[in-house]
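The chain contents come next:
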Amino acid sequence: MRALLMCVALLLLSGCAYRAQEAPAGSWQAQQSTLEQLRDWQLSARLGIITPDERGSLSLFWRQERDDYRMNLTNVVGKRALDLSRRRGTIQLIDSEGQRHSADNARDLVYRLTGWDLPVEQLAHWIKGLPGEADQVEYDADGRPKTVRAHGWRLDYLGYTRIDGLWLPSRMDLSHNTTTLRLAISQWELNP
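Residues numbered from 1 in each chain as written. Predicted model: local features only at pLDDT ≥ 70, side-chain atom pairs only at ≥ 80, totals over all residues. Heavy atoms only, no water.

A. Here's a closer look at the environment of Thr-114. For Thr-114, the position within the fold is in helix H3 (residues 106–114). On the basis of relative accessibility, which here comes to 26%, the residue Thr-114 falls in the partly exposed class. Along the sequence, Thr-114 and Asp-95 sit 19 residues apart, while their C-alpha atoms lie 9.0 Å from each other. A polar contact of 2.6 Å, which involves the side chain of Thr-114, links it to the backbone oxygen of Val-110. Within the structure, the side chain of Thr-114 is placed 3.0 Å from the backbone nitrogen of Trp-116, a separation counted as a polar contact. (Helix = DSSP H or I, 4+ residues; strand = E, 2+ residues; numbered from the N terminus. Buried < 20%, exposed > 50% of the residue type's maximum accessible area, 1.4 Å probe, protein only. Polar contact = N/O pair within 3.5 Å; in protein donor to acceptor, adjacent residues only side chain to side chain.)

Shown next, in the form of structure tokens:
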């Protein structure tokens, strides 16, 4: 039953129509330094995870405060899948059973406990549409990142939306080896 619910939710997520907004020429380059300085934000999204062993859809809440963050994932019925946080350099994950786990690397911790390969450290930048300096980037007709290749990942930005004068991603697909992540952001809040 759980697998069926997850498949239905994933199909609904992938079937949602989205129309990308067009940006004025040069607008993304003009906002790049503003995005780099944006260190406090939060978002709500749907996250589809596809691995060889699992397909699922989760609700994602992410709050970033400078270098610290809290990422909460819940399933379709609102039960916690995981709660991952970084506070003053300490990474902690609370699993679906309420057990606390700590590690030095968030990606390794999530993979060890769930089997999901989530590039947590890079996502804090990628999710804002900011590729790293060493990333390979292709741009869309409006000059915004369209495809990014880095650290073995491929990101496809499928849509942007304008929030408080900034163009921010609203939909993106990430793939690495046998893991695919589909992210549909429903709400951004800047400097909450």
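Once the structure has been displayed, the description carries forward.
B. Representation of empty space enclosed by the protein. This structure, assessed with the given rule, holds two cavities of 30 Å³ or more. Estimates place the volume of the largest cavity at around 80 Å³. For the lining of the largest cavity, the per-class residue count stands at eight nonpolar, no polar and no charged. (1 Å grid on protein atoms, 1.4 Å probe; cavity = no way out; pocket = protein on both sides within 12 Å on 5 of 7 lines; lining within 4 Å. Points joined across faces, edges and corners; volume = space filled by probe spheres on them. Nonpolar A, V, L, I, M, F, W, Y, C, P; charged D, E, K, R; others polar.)

C. Summary view of the sheet that holds strand E5 (residues 90–95). The strand order across the open sheet formed by 11 strands is E6-E5-E4-E3-E2-E1-E11-E10-E9-E8-E7, and the pairing between neighbours is antiparallel. Looking at the sheet topology across the chains shown, the edges are occupied by strand E6 (100–103) and strand E7 (136–139). This sheet shows a mean twist of 20 degrees between the axes of neighbouring strands, independent of strand direction. Relative to strand E8 (residues 145–150), E7 is paired through four bridges, and the arrangement is antiparallel. Bridge assignment links Glu-138 to a residue of E8, and that residue is Thr-147. With respect to the sheet, H3 is in contact with strand E3 (68–74), strand E4 (80–87), E5, E6, strand E9 (153–163) and strand E10 (166–176), its orientation differing from that of E5 by roughly 20 degrees. (Pairing = 2+ DSSP bridges. Axes fitted to C-alpha atoms, helices over the stretch in contact; angles between N-to-C directions. Contact = heavy atoms within 4.5 Å.)

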